[in-house]
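As a plain string of letters, each chain reads:
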Amino acid sequence: MLSQSGYYCDDDLAMGVFLAIKLGKPLFLEGEPGVGKTEMAKVLASSLGRRLIRLQCYEGLDVSTAVYEWNYAKQLLSLKLAGEAGAGPEHLEDVFGPEYLLSRPLLEAIRSESQGQRVVLLIDELDRADEEFEAFLLELLSDFQVTIPEMGTVASPTIPLVVLTSNRTREIHDAIKRRCLYHWIDYPSLEKELQIVQAKVPGIDQRLAQEICQLMRRLRQDDYLKRPGVAESLDWAQALVLLHRDHLDVDIVRQTKSCLFKNRQDLRRFQDGIARYIGGAFEE
Ligand SMILES: Nc1ncnc2c1ncn2[C@@H]1O[C@H](COP(=O)(O)OP(=O)(O)OP(=O)(O)O)[C@@H](O)[C@H]1O
Ligand SMILES: [Mg+2]
């Protein structure tokens, strides 16, 4: 199912996904940048025919951005209109009812499921959120319900398929991981990356694709500050196809290095070693 949707991975990740769906457990994905963590959730949603709801984490993320918020402007307006019309307290509308509630991704996922619309909930880059948010999430992941003090509890008979990702800028608490199936996504093997490049960059020359993937493997073995991921391989492949290339040479590699590295030190290091990479990369 995954490869039909253009996602190529090893058997063990595919098994993790299968078990997460069947056991109703969240899937926790960690790995280097650009190895397909976010893409997994997108592909799962599209291939299962479910809606994707995404919560992008960042420092300072709080309940009003992640779960729900009251629509203050609408509440005030309603009270003002009622006051102007001289309505007594018994005629005042309940401004803490569902129509005054703004659902944010987590509540939206529970509400959708409770209305029979299955979803994939992506909680992306959890390592960027604060630890207090993690504690809140822990509760949510265990019973998939949210209590809104003014309104009551919103629960769902079915649970969303949850994908959590982290780039490991900090360690995620064990309590969260224990509730999930965990998978570390490594850089793909040469064969897998070749499949990805050929699927995502149609019309690419076979030799060029092979040379790109071999060189990417070499680069990842070296000591760069930010090693290029699959995203960079795809950018580079697209750029070289645009330039009508069917193989790599020192000049074109040098001219297109902006697709591979995004900081000064790495660019310089790469530039100094280009001849070495091109000299040896294709004889493996
Ligand atoms: N296994 C794969 N199969 C198909 N495409 C892939 C795969 N892995 C990565 N890609 C492609 O690489 C690109 C980057 O993937 P994605 O954004 O999911 O990485 P990420 O792990 O979430 O990175 P980051 O940590 O930077 O958020 C996407 O365009 C995606 O299509
Ligand atoms: Mg991502």
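Residues numbered from 1 in each chain as written. Chains lettered and ligands numbered in written order. Predicted model: local features only at pLDDT ≥ 70, side-chain atom pairs only at ≥ 80, totals over all residues. Heavy atoms only, no water.

What about the sheet that holds strand β8 (residues 161-166)?
Turning to step 1, where the next piece is worked out: Taken together, five strands build an open sheet; the order of strands is β2-β5-β8-β1-β9 and the sheet is parallel. With one partner strand each, in any of the chains shown, β2 (51-56) and β9 (181-185) form the two edges of the open sheet. On average, each strand axis in the sheet is inclined to that of its neighbour by 20°, with strand direction left out of account.
Turning to step 2, where the next piece is worked out: Looking at chain direction, β2 and strand β5 (residues 119-124) are connected through six bridges and run parallel. (Pairing = 2+ DSSP bridges. Helix = DSSP H or I, 4+ residues; strand = E, 2+ residues; numbered from the N terminus. Axes fitted to C-alpha atoms, helices over the stretch in contact; angles between N-to-C directions.)

Things to note about the site of ligand 1
Turning to step 1, where the next piece is worked out: Neighbouring ligand 1 are 17 residues, the closest being Y8, G34, T38, E39 and K200.
Turning to step 2, where the next piece is worked out: Here an oxygen atom of ligand 1 sits 2.7 Å away from a polar atom, N or O, in the main chain of G34.
Turning to step 3, where the next piece is worked out: E39 has a polar backbone atom sitting 2.7 Å from an oxygen atom of ligand 1.
Turning to step 4, where the next piece is worked out: Here ligand 1, which alone exposes 630 Å², has 81% of that area covered by the protein.
Turning to step 5, where the next piece is worked out: Under a 2 Å grid-point criterion requiring more than half of the atoms, the pocket assigned to ligand 1 is the largest pocket.
Turning to step 6, where the next piece is worked out: Every element with two or more residues in the shell around ligand 1 is listed here: α2 (37-48), α8 (190-200) and α10 (230-242).
Turning to step 7, where the next piece is worked out: In terms of domain composition, the shell around ligand 1 takes at least three residues from each of domain 1 (3-67 + 104-185) and domain 3 (190-283). (Near = heavy atom within 4 Å. Polar contact = N/O pair within 3.5 Å; in protein donor to acceptor, adjacent residues only side chain to side chain. Areas by Shrake-Rupley, 256 points an atom, 1.4 Å probe, with all protein chains shown as cover. 1 Å grid on protein atoms, 1.4 Å probe; cavity = no way out; pocket = protein on both sides within 12 Å on 5 of 7 lines; lining within 4 Å. Sits in = over half its atoms within 2 Å of the grid points. Domains from an automatic or database assignment.)

Some remarks on the pattern of salt bridges
Turning to step 1, where the next piece is worked out: The tally for this structure, following the rule as stated, stands at 20 salt bridges.
Turning to step 2, where the next piece is worked out: Measuring nitrogen to oxygen at the nearest pair gives 3.6 Å for the salt bridge that ties R168 to E30. Separated by 138 residues along the polypeptide, R168 in the loop between β8 and α7 (174-178) and E30 in strand β1 (residues 27-31) bring together distant segments of the chain.
Turning to step 3, where the next piece is worked out: Given the relative accessible area of 42%, R168 is considered partly exposed.
Turning to step 4, where the next piece is worked out: Close ionic contact of D251 with R254 constitutes a salt bridge, the shortest N to O distance being 3.4 Å. Here R254 and D251 lie together in helix α11 (residues 250-255), a separation of three residues that amounts to about one turn. (Salt bridge = Lys/Arg side-chain N within 4 Å of Asp/Glu carboxyl O. Buried < 20%, exposed > 50% of the residue type's maximum accessible area, 1.4 Å probe, protein only.)

Focus on the packing of α8 against helix α9 (residues 206-221)
Turning to step 1, where the next piece is worked out: Contact pair α8 / α9: the axes reach a minimum separation of 9 Å and the direction vectors enclose 130°. Considering their axes alone, α8 and α9 lie oblique with respect to each other. α9 is crossed by α8, and the crossing has right-handed handedness. Taken together, the residues of α9 that come into contact with α8 (itself represented by L190, E193, L194, V197 and Q198) are Q206, A209, Q210, C213, Q214, M216, R217 and R220. (Parallel < 35°, antiparallel > 145°, perpendicular 65-115°, else oblique. Left-handed = near helix turned anticlockwise from the far one by under 90°. Contact = heavy atoms within 4.5 Å.)

So, the layout of surface pockets
Turning to step 1, where the next piece is worked out: Taken as a whole, the largest pocket encloses approximately 580 Å³ of empty space.
Turning to step 2, where the next piece is worked out: Y7, G34, V35, G36 and K37 are, among the 32 residues lining the largest pocket, the residues nearest its centre.
Turning to step 3, where the next piece is worked out: In terms of residue count, the dominant contributor to the lining of the largest pocket is α2 (four residues).
Turning to step 4, where the next piece is worked out: Of the residues assigned to the lining of the largest pocket, the class counts are 14 nonpolar, eight polar and 10 charged.
Turning to step 5, where the next piece is worked out: Each of domain 1 (3-67 + 104-185) and domain 3 (190-283) accounts for three or more of the residues forming the lining of the largest pocket.
Turning to step 6, where the next piece is worked out: Among the residues forming the lining of the second largest pocket, the class breakdown is five nonpolar, two polar and five charged.
Turning to step 7, where the next piece is worked out: Split by domain, the residues of the lining of the second largest pocket number at least three in each of domain 1 (3-67 + 104-185) and domain 3 (190-283). (Points joined across faces, edges and corners; volume = space filled by probe spheres on them. Nonpolar A, V, L, I, M, F, W, Y, C, P; charged D, E, K, R; others polar.)

Digging into a nonpolar patch on the surface
Turning to step 1, where the next piece is worked out: The grouping of M15, F18, L19 and L23 at the surface amounts to a nonpolar patch, some 390 Å² of accessible area in total.
Turning to step 2, where the next piece is worked out: Looking at the secondary structure, you find L23 in helix α1 (residues 11-23). (Patch = residues over 30% accessible without salt bridge, like charges linked within 9 Å, V, L, I, M, F, W, Y side chains within 5 Å.)

Topic: the packing of α9 against α10
Axes are the key here: two packed helices are described by the angle between their axes and the distance separating the axes.
Turning to step 1, where the next piece is worked out: At their nearest, the axes of α9 and α10 sit 11 Å apart, and the two run at 145° to each other. Crossing of α9 over α10 shows right-handed handedness. Residues L208, I212, L215, M216 and R220 of α9 pack against V230, E232, S233, W236, A237 and L240 of α10.
Turning to step 2, where the next piece is worked out: Across the contact of α9 with α10, the residue classes break down as eight nonpolar, one polar and two charged.

Some words on the packing of aromatic side chains
Turning to step 1, where the next piece is worked out: In total, this model carries seven aromatic pairs according to the counting rule given.
Turning to step 2, where the next piece is worked out: Geometrically, the ring pair formed by W70 and F96 is edge-to-face, given 5.0 Å between the ring centres and 90° between the ring planes. With W70 in strand β3 (residues 68-70) and F96 in the loop between α4 (72-84) and β4 (101-103), this residue pair connects regions lying 26 residues apart in the sequence.
Turning to step 3, where the next piece is worked out: Assessed through its relative accessible area of 6%, W70 is described here as buried.
Turning to step 4, where the next piece is worked out: Here F96 falls in the partly exposed class, since its relative accessible area comes to 31%.
Turning to step 5, where the next piece is worked out: Measuring from ring centre to ring centre gives 6.1 Å for F133 and F136, while their planes differ by 35°; the resulting arrangement is tilted. Highlighted residues: F133 and F136, both in helix α6 (residues 131-143), separated by three residues, approximately one helical turn.
Turning to step 6, where the next piece is worked out: Residue F133 is classed as buried on the basis of its relative accessible area, which comes to 4%.
Turning to step 7, where the next piece is worked out: Of the residues examined, F136 reaches a relative accessible area of 24% and is grouped as partly exposed.
Turning to step 8, where the next piece is worked out: For R269, the ring lying beneath its charged end belongs to Y224, and the centroid distance is 5.5 Å.
Turning to step 9, where the next piece is worked out: For the cation-ring pair, R276 lies above Y277, with the distance from its terminal atom to the ring centre recorded as 4.8 Å. (Phe/Tyr/Trp six-rings, centres within 6.5 Å; stacked < 30°, edge-to-face > 60°. Lys NZ or Arg CZ within 6 Å of the ring centre and 35° of its normal.)

Keep in mind these values describe shape, not function.
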